[in-house]
Amino acid sequence: MTLPIVRTVADLRAQVSSWRAQGLKAALVPTMGALHDGHLTLVRRGRELADRVIATVFVNPTQFGPNEDFARYPRDEAGDAAKLAGAGCDLLFAPTVDVMYPAGFSTSIDVGPVTTRWEGAFRPGHFQGVATVVTKLLLQAGADTACFGEKDYQQLCTIRQLVRDLDIPVAIEGVPTVREADGLALSSRNAYLSAEQRQVAGQLNRVMRTTIDRLHAGGSVETILADGTAALLAADFTAVDYLALVDAATLEPLPTPAPGRLICTARLGAVRLLDNMAV
Ligand code: PAF
């Protein structure tokens, strides 16, 4: 089946309204394309939660910093559309930059404290860009549910917060991370890794699992995290931006071992690998 594609907000809304008139529920799966099985898992989850699934593909310029990979971010609309159709998606919304940010656009959404640490500290303005585009997509589609991967954990917390704060009538569904056989979380940016870097990348999962085992056993969080960071550097990661035990909702650091989330970003050359796991 060829996936229907709409490119304007009016066409998107007309389709969702006609589903609604038939009593059908819709799930939204926002993406930036370059789809992999992680994204298709979001579509399959959307299918379980609703009668119709809308995917969006929009490489959002406002969430990329000036020295980031916006221009070279992989784009393959035809390939993405075929994968989405195969996963049971019903509609693709693929707007242009002018549709999302017409001349005169000036609003930016700042979700506050949950966005300031971690990725927010390394990527100034990133979460304002994400929050603004996600708010637009949620309001444009008017879906009942929207699915986001737990892989970008801080993004998920940011979206939950903004939906709560702005009373957007949508249920946010966090979907567990899909991993390669060695535990590497699927990401469109894994395509940037060389063969050698890809070998090293699998060590992130191993080190994080060891760190979680040690946190469960108890002891000094500071020492355990310092040991984890040292293990990543010894495994040949170029740098560790952070390895932290945080509260699962606020993302504030937890000083003593307690249930929460272990979050990490480690670099291999220019590629930043993000991961997180429940503790
Ligand atoms: O996770 C992503 O792919 C993007 O940040 C999102 C949520 C589609 C917003 O552009």
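Just so it is clear, the model here is predicted, and its values are computed rather than measured.

Q: Looking at this structure, I do not really get the side chain of Ser-188. What am I missing?
A: Within the element layout of this structure, Ser-188 appears in the loop between strand S6 (171–175) and helix H8 (195–201). For Ser-188, a relative accessible area of 10% translates into the label buried. At 3.0 Å, the side chain of Ser-188 forms a polar contact with the backbone oxygen of Ala-34.

Q: Would you take a moment to explain the environment of Arg-75 for this structure?
A: Position of Arg-75 among the secondary structure elements: in the loop between strand S3 (52–57) and helix H3 (77–86). Owing to a relative accessible area of 46%, Arg-75 belongs among the partly exposed residues under this scheme. Each C-alpha atom of the pair Arg-75 and Gly-33 lies 6.5 Å from the other, and the pair is 42 residues apart in sequence. Once residues lying within four places of it in the same chain are set aside, the contact partners of Arg-75 are Val-59 and Phe-70. A polar atom in the side chain of Arg-75 sits 3.3 Å from the backbone oxygen of Ala-71. Within the local environment of Arg-75, its side chain forms a polar contact with the backbone oxygen of Tyr-73, the two atoms lying 2.9 Å apart.

Q: I tried to follow the nonpolar core on my own but got confused; where do I start?
A: When a protein is soluble and globular, its nonpolar side chains tend to lie buried together. Residues Leu-12, Leu-28, Ile-54, Phe-93, Leu-138, Val-163 and Ile-172 are the most contacted members of the largest nonpolar core, which totals 42 residues. Listing elements by their share of this core, those giving two or more residues are helix H1 (9–21), strand S2 (26–31), strand S4 (91–93), helix H6 (126–141), strand S5 (145–149), helix H7 (153–165) and strand S7 (239–246). The biggest single contributor to this core is H6, with 7 residues. Those residues in contact with Leu-138, other than ones at most four positions away along the chain, are Leu-28, Ala-143, Ala-146, Val-163, Ile-168 and Val-170. Residues Ala-201, Leu-204, Ile-212 and Val-279 belong to the second largest nonpolar core, which totals 27 residues.

Q: Sorry, what's going on with the sheet that holds S6 here?
A: Where strands meet in a sheet, backbone hydrogen bonds hold them as pairs that are either parallel or antiparallel. Spatially, 6 strands are ordered S1-S4-S3-S2-S5-S6 in an open sheet, and the strand pairing comes out parallel. Each edge of the sheet is formed by a strand with only one pairing partner; in this case those strands are strand S1 (5–6) and S6. Taken together, the 6 bridges between S2 and S3 define a ladder with parallel strand orientation. Within S3, the position partnered with Ala-26 by the bridge is Arg-52. The sheet contacts of H7 involve S5 and S6, and relative to S6 the element is tilted by about 170°.

The rules behind these values
- Residues numbered from 1 in each chain as written.
- Predicted model: local features only at pLDDT ≥ 70, side-chain atom pairs only at ≥ 80, totals over all residues.
- Heavy atoms only, no water.
- Helix = DSSP H or I, 4+ residues; strand = E, 2+ residues; numbered from the N terminus.
- Buried < 20%, exposed > 50% of the residue type's maximum accessible area, 1.4 Å probe, protein only.
- Polar contact = N/O pair within 3.5 Å; in protein donor to acceptor, adjacent residues only side chain to side chain.
- Contact = heavy atoms within 4.5 Å.
- Core = buried A, V, L, I, M, F, W, Y, C linked by side-chain atoms within 4.5 Å.
- Pairing = 2+ DSSP bridges.
- Axes fitted to C-alpha atoms, helices over the stretch in contact; angles between N-to-C directions.

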